[in-house]
Amino acid sequence: MSVNITTLDERTRVTSEADSALDTEEYFVNMGPQHPATHGVLRMVLKLDGETIKEVIPVLGYIHRSIEKICEHSTYRQIVHLTDRMDYLSSIMNNWAVSLTVEKAANIELTERIEYIRTIVAELERIHSHQVAWGVMGMDLGAFTPFLYGFRDRELVTDILEETIGARLTMNYIQPGGVMFDIHPNFVKKVKEYIAYFRPKLDEYEDLMSGNPIIQQRLRDVGTMDGETALSYGATGPVLRASRVPYDLRKIEPYGVYGKADFNVAIGTAGDCWDRYYVRIEEMRQSIRIIEQLIDNIPEGKFMVKKPAVKIKVPEGRYYGHVETARGVLGVFIVSQGKDIPYRMYFRTPNFHNLWCTTAIAPGGRIGDLVAITASLDLVIPDIDR
Amino acid sequence: MGLVKKEEYAFDTMPGVDVVLTKIDYVVNWARSNSLWPLTFGTSCCAIEMLMATGGPRHDLARFGAEVTRPSPRQADLLILAGTIVKRMAPRLRTLYDQMAEPRYVIATGACTISGGPFLYHSYSTIRGADEIIPVDVYVPGCPPRPESLLHGLLTLQKLIKEGQTIRKPGVRHKPVISEIPEGVSREDITAEMVELLEHDSVVNIEETLGNLERPTGI
Amino acid sequence: MTTEELFQVITELEPSAKQSEKTSDRPTVEVPPEALVALMQKLRDDPRLSFNMLLAHTAVDWLEERLFEMVYQLYSPQNQQYLAVLVYVPRNNPVVPTISSIWRIAEFQEREVYDLLGVLYDEHPDLRRLFLEDDWTGFPLRKSYQDDFILERPK
Ligand code: SF4
């Protein structure tokens, strides 16, 4: 038996001596936690040989807010609002993950209308999340214009969502037992207008970025990851699908009304940064398709089957539920003792798992490639740290 | 002479001749307030709204002369705190602040940087307010605040800078944080007191502040 | 593959693994810590099962029973089958063998569990704090964790 607890200091010391037989000198460089290309407060200690990366050591915890501890003292309805703050660009889908698990455990029956509304707003949010990812990727690679284009179109989505939900980012919309508010009378009309507006814009996105030779060179054959590595590192979402694994929860175990919509799962072929970039573009197209099929058929009915004041009790047991957010699979693990608060709550967050792919794919590349890799993984740091 | 008209109280014109008299301090402050260089410091959700959406095409921070966001603290003089500060980040935040060039200003946006926000209770790592670490000039409430709120916060800061009223000392504000309710005190009492405190303390009434200020009256 | 067939195959592969009595919404097996690595290796490599995704790994602190419950959520894309594996270790000597040689992600999931709950992993290649500073004392997600810093929500 050997349990050996180390520290970061020891870690960086040991590895620097390990390869000392080489003639070249290796050194460590800190990237972050205050670095514009890490989208927040991710810190990576890079072991470099010249400009070639030998090893990446992610150091986390600069935004660890102890959400799981707070959950142990909160009712399920209060927990939903904490999930907004994890992956804030998929906040509705995060809400959905908790609601779905609680509903399944507590046997809450939903109306058709709730499922339709949930699916449509979630897909709208997936579009806006990918727009941000697209724009920020351009910015990381040195092109500022995509950022402006992405945010121009994102503002219109937030407008639609704001009219119904009242928030622009931290939505807190899907609740166990339904959704917080019924859709605004303008909702259907505005969504249709938006789709008509956005479809040509998506082609414009492609003209602007996809065909650009510099972007192509920065992304193609950079950070290539095969499907087996991706599975072993627990990657999900566009990252896994870019590596040729068609794992999409919306397709393989449809929740909401995804089963009624006809859409394709976008997968990549090589698993490089380009595929991860292009899978997102294609997913925006598919999201548009899903919304188009559903928007006209929202049935009448209740939008909330439980009164807001009711404290939801989950029967004793262990429950695991998950949804496909814009970045991958968000799993919610609840251990309940039959009370209105959980005994233990665990979030299997997509970014935490996707992050570690950098340790596999970045070594061997250059520092500049690491920026492209983190941009293509589309990391949201508070979702890693919780 | 448009400037003279706009900022009337800072300038004196000599009667009869085209000469402007002013205080150099005022001009310097005026220049500073209109060329703020923010540091990109976004830790979490607020960053999307505060740094990205506000800098984006619709809200366009550039209109107020503050669009030159810098990733390095040495080139920045405005720290827009966007996002939760946790124990592990606190020393780094202090370092960033110390590295910024004088004079430096801080805008704290979002509930998290004001009080700890949604992570106030039962959290073992969230710092309850950025002003426990660095002095803060302007607080912008919200979770996250709307981009318009940040713009308002920025205008407030510009006014404060023009008047030389920015805060440099920590611990200026006393925060009403309830940890334990003593006997004989009800929740309502505390809420009422908080409302009073808030109205009294942290809402800066700009008109009033400006009204009370001593105005330069020539040389 | 039905749940019964699944359990049948698992007991065939590893006799010490038993179907769990605990209420759970996924098929659940319990296994003693010594047999964990062998079972996991077979679960992934057996062509009938091929559970090649380790979706989640975490632990639950059962203060009253003086136990740590280690939870592994597996998924098999081939059979579209879920499986939860539970391992119980005593709270005063929480040592579990690492499975980071089978799934790479386990290395980091295990570091998280060590960081927040203080479970030790035998033969772990790089057991370090993950979210908290190296000099942090205590394991905050344990039910017995005490910290003057924590503020209780007023009732
Ligand atoms: S104030 Fe709200 S939106 Fe801003 S960082 Fe805190 S939790 Fe996120």
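Residues numbered from 1 in each chain as written. Chains lettered and ligands numbered in written order. Predicted model: local features only at pLDDT ≥ 70, side-chain atom pairs only at ≥ 80, totals over all residues. Heavy atoms only, no water.

Participant: Explain the overall build of chain A to me, please; I cannot follow it from the model alone.
Facilitator: Along its length, chain A carries 16 helices and eight strands. Projecting the C-alpha coordinates of chain A onto the three principal axes gives extents of approximately 75 × 55 × 35 Å. Relative to its 386 residues, chain A shows a buried fraction of 65%. Pairs at least 24 apart in sequence give 72% of the contacts found in chain A among residues at least 6 apart. Of the roughly 12700 Å² that chain A leaves accessible, carbon and sulfur atoms contribute 50%. Of the charged side chains in chain A, 44 are positive and 52 negative; the average position of the first set lies 6 Å away from that of the second. (Helix = DSSP H or I, 4+ residues; strand = E, 2+ residues; numbered from the N terminus. Buried < 20%, exposed > 50% of the residue type's maximum accessible area, 1.4 Å probe, protein only. Contact = heavy atoms within 4.5 Å. Areas by Shrake-Rupley, 256 points an atom, 1.4 Å probe, with all protein chains shown as cover. Lys, Arg positive; Asp, Glu negative; His and termini not counted. Charge placed at Lys NZ, Arg CZ, Asp CG, Glu CD.)

Participant: Would you explain the packing of aromatic side chains in this entry?
Facilitator: Given two aromatic rings, one states the distance between the centres and the angle between the planes to describe the pair. All names here are of chain A. Within the structure shown, the criterion is met by 22 aromatic pairs over all chains. When the centroid spacing of 5.9 Å and the interplanar angle of 40° are considered together, the rings of Tyr-194 and Tyr-197 count as tilted. Of the two residues, Tyr-194 and Tyr-197 are both situated in helix α7 (residues 187–210); the distance of three residues between them amounts to about one turn of the helix. Residue class for Tyr-194 comes out buried when judged on its relative accessible area of 5%. Chaining the aromatic ring pairs together yields one cluster made of Trp-134, Tyr-194, Tyr-197, Phe-198 and Tyr-205. When the ring centre of Phe-263 is taken as origin, the NZ or CZ atom of Lys-251, which lies over that ring, is 4.2 Å away. (Phe/Tyr/Trp six-rings, centres within 6.5 Å; stacked < 30°, edge-to-face > 60°. Lys NZ or Arg CZ within 6 Å of the ring centre and 35° of its normal.)

Participant: Would you mind showing me how to read unusual backbone geometry here?
Facilitator: Leave glycine aside and you will find that most residues have negative phi; peptide bonds, for their part, are mostly trans. Residue Pro-144 of chain B is bonded to the preceding Cys-143 of chain B through a cis peptide linkage, with omega at -10°. The backbone phi angle of Asn-107 of chain A is positive, close to 55°, even though this residue is not glycine. Examined against the element boundaries, Asn-107 of chain A turns out to sit in the loop between α4 (91–106) and α5 (112–140). The phi angle at Asp-221 of chain A is positive, at roughly 55°, despite the residue not being glycine. Within the secondary structure, Asp-221 of chain A sits in the loop between α8 (213–219) and α9 (227–232). The class of Asp-221 of chain A is exposed, set by a relative accessible area of 64%.

Participant: Would you take a moment to explain the interface of chain B and chain A for this structure?
Facilitator: The extent of an interface is frequently quoted as the accessible surface area lost upon association of the parts. The interface is formed by 35 residues belonging to chain B together with 37 residues belonging to chain A. In total, chain B and chain A occlude about 3100 Å² of area from one another, counting both sides; carbon and sulfur atoms represent 64% of this. In this structure, the salt-bridge partner of Glu-155 of chain A is Arg-58 of chain B, at a minimum N-O distance of 3.7 Å. Inspection of the chain B/chain A interface yields 13 residue pairs in polar contact (both at pLDDT 80 or more). For the side of chain B that touches chain A, the secondary structure elements donating two or more residues are α3 (45–55) and α4 (90–99) of chain B. (Buried area = accessible area lost by both parts, 1.4 Å probe. Salt bridge = Lys/Arg side-chain N within 4 Å of Asp/Glu carboxyl O. Polar contact = N/O pair within 3.5 Å; in protein donor to acceptor, adjacent residues only side chain to side chain.)

Participant: Is there a simple way to think about the interface of chain A and chain C in this case?
Facilitator: Counting residues at the interface gives 52 residues for chain A and 52 residues for chain C. Contact between chain A and chain C buries roughly 4500 Å² in total, counting both sides, with carbon and sulfur atoms accounting for 54%. Contact with chain C buries surface across chain A, with Arg-318, Tyr-320 and Tyr-343 of chain A losing the most and accounting together for 16% of the total. For the interface between chain A and chain C, the tally reads three salt bridges. For the salt bridge of Lys-143 of chain C with Glu-72 of chain A, the shortest nitrogen-to-oxygen distance reads 3.1 Å. Here chain A and chain C share 17 residue pairs in polar contact (both at pLDDT 80 or more) between them. Of all the elements, strand β6 (residues 317–325) of chain A adds the most residues to the side of chain A that touches chain C, at six residues. Considering only residue class, the side of chain A that touches chain C consists of 22 nonpolar, 18 polar and twelve charged. (Nonpolar A, V, L, I, M, F, W, Y, C, P; charged D, E, K, R; others polar.)

Participant: In this structure, what is going on with the site of the ligand? I would like to understand it.
Facilitator: Cys-45, Cys-46, Ala-111, Cys-112 and Cys-143 of chain B are the nearest of the 14 residues found near the ligand. Each of chains A and B places residues near the ligand. Taken together, the elements giving at least two residues each to the shell around the ligand come down to α3 and α5 (110–115) of chain B. When residues of the shell around the ligand are assigned to their parent elements, the largest contribution, three residues, is made by α5 of chain B. The residue makeup of the shell around the ligand, split by class, is eight nonpolar, five polar and one charged. (Near = heavy atom within 4 Å.)

Participant: Any chance you could explain the pattern of salt bridges here in plain terms?
Facilitator: It is possible for side chains bearing opposite charge to pair when their charged atoms get close. Taken as a whole and judged by the stated rule, the model has 44 salt bridges over all chains. A salt bridge links Arg-280 of chain A to Asp-378 of chain A; its shortest N-O distance comes to 3.8 Å. Note that Arg-280 of chain A is positioned in helix α12 (residues 273–295) and Asp-378 of chain A in the loop between α15 (367–377) and α16 (381–385), a separation of 98 residues in sequence. On the accessibility criterion, Arg-280 of chain A (6% relative accessible area) is buried. The class for Asp-378 of chain A is buried, based on a relative accessible area of 5%. Here Arg-92 of chain B makes a salt bridge to Glu-133 of chain C, at a shortest N to O gap of 3.2 Å.

Participant: Honestly, the sheet that holds strand β3 (residues 38–39) of chain B in this entry has me stumped. Any pointers?
Facilitator: Two modes of strand pairing occur in sheets, parallel and antiparallel, and in both the strands are linked by backbone hydrogen bonds. The four strands are arranged β3-β4-β5-β6 (chain B) in an open sheet whose pairing can be described as parallel. Each edge of the sheet is formed by a strand with only one pairing partner; in this case those strands are β3 and β6 (138–140) of chain B. (Pairing = 2+ DSSP bridges.)

Participant: What is the right way to look at the state of the cysteines in this model?
Facilitator: As used here, a disulfide is simply a covalent bond connecting the sulfur atoms of two cysteines. The full count for this structure, using the stated rule, is zero disulfides over all chains. Free of any disulfide, Cys-357 of chain A has its nearest neighbouring cysteine sulfur in Cys-273 of chain A, separated by 11 Å. (Disulfide = S-S within 2.5 Å.)

Participant: Is there a simple way to explain helix α2 (residues 36–45) of chain C in this structure?
Facilitator: Each full turn of the α-helix corresponds to 3.6 residues, which orients residues three or four apart in the same direction. Residue and element names in this part refer to chain C. Residues of α2 that are buried include every one of Leu-36, Leu-39, Met-40 and Leu-43, and no others. Looking down the long axis of α2, one finds its buried residues gathered within 95° of arc, a one-sided arrangement. Of the surrounding elements, those touching the buried residues of α2 are α1 (3–13), β4 (67–76), β5 (81–90) and β6 (95–97). (Arc of directions from axis to C-beta.)

Participant: Hey, could you run me through a negative patch on the surface in this one?
Facilitator: Taken together, the side chains of Asp-9 and Glu-10 of chain A together with Asp-134 and Asp-135 of chain C make up a negatively charged region of the molecular surface. Looking at the element boundaries, Asp-135 of chain C is found in the segment after β7 (120–122). (Patch = residues over 30% accessible without salt bridge, like charges linked within 9 Å, V, L, I, M, F, W, Y side chains within 5 Å.)

Participant: Even after reading the chapter, I still don't get the confidence of the model for chain C, so can you show me in this structure?
Facilitator: Mean pLDDT over chain C: 84, with 99% of residues reaching 70 or higher. Predicted as a complex, the structure gets a pTM of 0.83 and an ipTM equal to 0.89. (pLDDT = per-residue confidence, 0-100.)

Participant: Sorry, what's going on with the domain arrangement of chain A here?
Facilitator: All names here are of chain A. Taken as a whole, chain A is organised into domain 1 (8–59) and domain 2 (68–385). Averaged C-alpha coordinates put domain 1 and domain 2 at centres separated by 31 Å. Counting residues at the interface gives 18 residues for domain 1, matched by 19 residues for domain 2. Note on domain 1 versus domain 2: buried area summed over both sides is about 1500 Å², and carbon and sulfur give 70% of it. Three residues stand out in domain 1 for area buried against domain 2, namely His-39, Glu-51 and Ile-53, and they jointly supply 38% of the buried area on that side. Counting every contact that joins domain 1 to domain 2 gives zero salt bridges. Where domain 1 packs against domain 2, one counts three residue pairs in polar contact (both at pLDDT 80 or more). Those elements that place two or more of their residues in the side of domain 1 that touches domain 2 are β2 (43–49) and β3 (52–59). Examining the composition of the side of domain 1 that touches domain 2, we find that six residues originate from one element, β3, more than from any other. Grouping the amino acids of the side of domain 1 that touches domain 2 by side-chain chemistry returns eleven nonpolar, four polar and three charged. (Domains from an automatic or database assignment.)

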